[in-house]
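Commentary on secondary and tertiary structure
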Amino acid sequence: MAIKVQVTSVIQRAVDGQRELDAEGGTVAELIDNIDMKYPGFRGQVADDSGELHRFVNIYINDEDIRYLSGKDTIVSDGDIISFLPALAGGSAACIG
Amino acid sequence: MLQIPRALIDEMVAHAREDLPNEACGQVNGLNGKAVTAHRVKNIEASPYRYSMDPLAMLKLENEREENGETLFAIYHSHVASEAYPSPTDVRQAFFPPGDLDREPMYPEAVYILVSLADDPPQVRAFYIRSGGEIEEEPIEVCNSADSR
């Protein structure tokens, strides 16, 4: 089952500069593993060593943030578009951790 | 020297004022090295102290730039009560992962424009955030729209 994946900005650098690619898997976590097999280092861009997704990376299935679905266990289906989008943030606060 | 059309400066200032009390944020597209359009992006933090751009809106803008042969010229946001200078948070967040200052910044080609509403008239200044977290101001030259194309 091929799922369409979109990546931007710095995450694009981890997949040879592509903006779109196909990947396989039944969940977001499986999809990340599948991309990491083809592009070693991809997983480290979006998750920590224990597999928890970085909070400064936004992952959407179609137009929905997976944080409001089942996170990395969210089911993906044929025809879905999964987007990996680094956060663009800042502000006058001294530190936001 | 960074040439920016007056209309874009006015738009960024108007956006900053309209989004009070919160910080406003957005992106400026470039074509052939010139700033051409300013685009408001929703601050999903809705905070006077922080911004985070709506990721889907950013994706849409990026796709449009790709189609139109445009580039990300600038990333702008407002400081509602502090000076138009990148805060430590702004510097940390220019890197991926945030705070990893030894890497190349996330958007090395884009300039960070700060709009401060602390003074009247508002201050608009531009900075490059470089590897190592160095802040380098780039003076803005306000031009008429026709000159910028």
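One can find the structure itself at the top, above this paragraph.
Please read these numbers as outputs of a predicted model, since none were measured by experiment.

With that settled, consider the overall build of chain B. Counting its regular elements, chain B contains four helices and nine strands. Beginning at the N terminus, the succession of helices and strands in chain B can be written as β-α-β-β-β-α-β-α-β-β-β-β-α. In terms of C-alpha radius of gyration, chain B reaches 14 Å, essentially the compact-globule figure of 15 Å for 149 residues. With the C-alpha coordinates aligned to their principal axes, the bounding extent of chain B is approximately 40 × 35 × 30 Å. Within the structure as shown, chain B displays about 6,900 Å² of accessible surface, and the carbon and sulfur contribution to it stands at 46%. Both charge centroids of chain B, one from 13 positive and one from 26 negative side chains, sit 3 Å from each other.

Residue and element names in this part refer to chain B. Summed over all chains, the structure comprises 16 salt bridges over all chains. For Glu 137, the salt bridge identified is with Arg 125, shortest N-O distance 2.8 Å. Separated by 12 residues along the polypeptide, Glu 137 in strand β8 (residues 135–138) and Arg 125 in strand β7 (residues 123–129) bring together distant segments of the chain. Note on Glu 137: relative accessible area 37%, which makes it partly exposed. Classification of Arg 125 as partly exposed rests on a relative accessible area of 22%.

Scanning the entire structure with this criterion turns up one cavity of 30 Å³ or more. Lining the largest cavity are Thr 8, Leu 85 and Pro 86 of chain A together with Gln 27, Pro 55, Met 58, Leu 59, Glu 62, Arg 65, Leu 72 and Tyr 107 of chain B. For the lining of the largest cavity, the secondary structure elements donating two or more residues are β5 (81–86) of chain A together with α2 (55–68) of chain B. For the lining of the largest cavity, the residue count by class is seven nonpolar, two polar and two charged.

Turning our attention to the interface of chain B and chain A. Chain B puts 35 residues into the contact, and the matching count from chain A is 29 residues. Counting across the interface, chain B meets chain A through three salt bridges. Between Arg 19 of chain A and Glu 62 of chain B there is a salt bridge, and its shortest N-O distance comes to 3.0 Å. Across the contact surface, chain B and chain A share 12 residue pairs in polar contact (both at pLDDT 80 or more). Within the residue set of the side of chain B that touches chain A, elements represented by two or more residues are β4 (51–52), α2, β5 (71–79) and α3 (88–92) of chain B. Tallying contributions element by element places α2 of chain B first for the side of chain B that touches chain A, with seven residues. Looking at the side of chain B that touches chain A, its residues break down into 18 nonpolar, nine polar and eight charged.

Within this structure, the stated rule accounts for three aromatic pairs over all chains. Measuring from centroid to centroid gives 5.3 Å for Phe 42 of chain A and Phe 84 of chain A, while their planes differ by 85°, and the two rings are edge-to-face. Of the two residues, Phe 42 of chain A is situated in helix α3 (residues 42–46) and Phe 84 of chain A in strand β5; the sequence distance between them amounts to 42 residues. Relative accessible area serves as the criterion here: at 0%, Phe 42 of chain A is assigned to the buried category. The class for Phe 84 of chain A is buried, based on a relative accessible area of 0%. For the ring pair Tyr 85 of chain B and Phe 127 of chain B, a centre distance of 5.1 Å and an interplane angle of 80° mean the geometry is edge-to-face. One end of the pair, Tyr 85 of chain B, is in the loop between β5 and α3; the other, Phe 127 of chain B, is in strand β7, and 42 residues separate them in sequence. Looking at Tyr 85 of chain B, the relative accessible area reads 32%, which means it is partly exposed.

The rules we used
- Per-chain numbering applies: the sequence of each chain, read as written, is numbered from 1 onward.
- Chains and ligands are labelled by the order in which they are written, letters from A for the one and numbers from 1 for the other.
- The predicted origin of the model limits local features to residues at a pLDDT of at least 70 and limits the giving and counting of side-chain atom pairs to 80 or more, whereas totals for whole chains, interfaces and linings rest on all residues.
- Hydrogens and water are ignored here; the side-chain numbers use all heavy atoms of the structure.
- Here a strand is any run of E in DSSP of at least two residues, a helix any run of H or I of at least four, and the numbering for each starts at the N terminus.
- Two things to know: the radius of gyration comes from C-alpha atoms, and the globule rule equals 2.2 Å times the number of residues to the power 0.38.
- Exposure was quantified through the Shrake-Rupley algorithm and a 1.4 Å probe, taking into account, for residues, occlusion by the shown protein chains and nothing else.
- Within this scheme the basic residues Lys and Arg register as positive and the acidic residues Asp and Glu register as negative, but His and the chain ends are omitted.
- For the purpose of locating charges, the reference atoms are NZ of Lys, CZ of Arg, CG of Asp and CD of Glu.
- A carboxyl oxygen of Asp or Glu within 4 Å of a side-chain nitrogen of Lys or Arg is what we treat as a salt bridge.
- Classification of residues uses two cut-offs on accessible area relative to the type maximum, computed with a 1.4 Å probe and protein chains only: under 20% is buried, over 50% is exposed, and between them is partly exposed.
- Grid spacing is 1 Å over the protein atoms alone, the probe is 1.4 Å, and a cavity is where that probe fits but cannot get out, while a pocket is an open set with protein on both sides within 12 Å along at least five of seven lines and lining residues have an atom within 4 Å of a point.
- Grid points are joined across faces, edges and corners, and a volume is the space filled by probe spheres set on the points.
- Side-chain classes are defined by residue name, with Ala, Val, Leu, Ile, Met, Phe, Trp, Tyr, Cys and Pro counting as nonpolar, Asp, Glu, Lys and Arg as charged, and the others, Gly among them, as polar.
- Residue contacts are counted whenever heavy atoms from the two residues lie within 4.5 Å of one another.
- Residues adjacent in sequence count toward polar contacts only when both atoms are side-chain atoms; beyond that, a polar contact is any pair of N or O atoms within 3.5 Å, and within protein one must be able to donate a hydrogen and the other to accept it.
- Each pair of aromatic rings taken from Phe, Tyr and Trp, with Trp reduced to its six-membered ring, is defined by centres within 6.5 Å and is described as stacked if the planes are under 30 degrees apart, edge-to-face if over 60, and tilted in the remaining cases.

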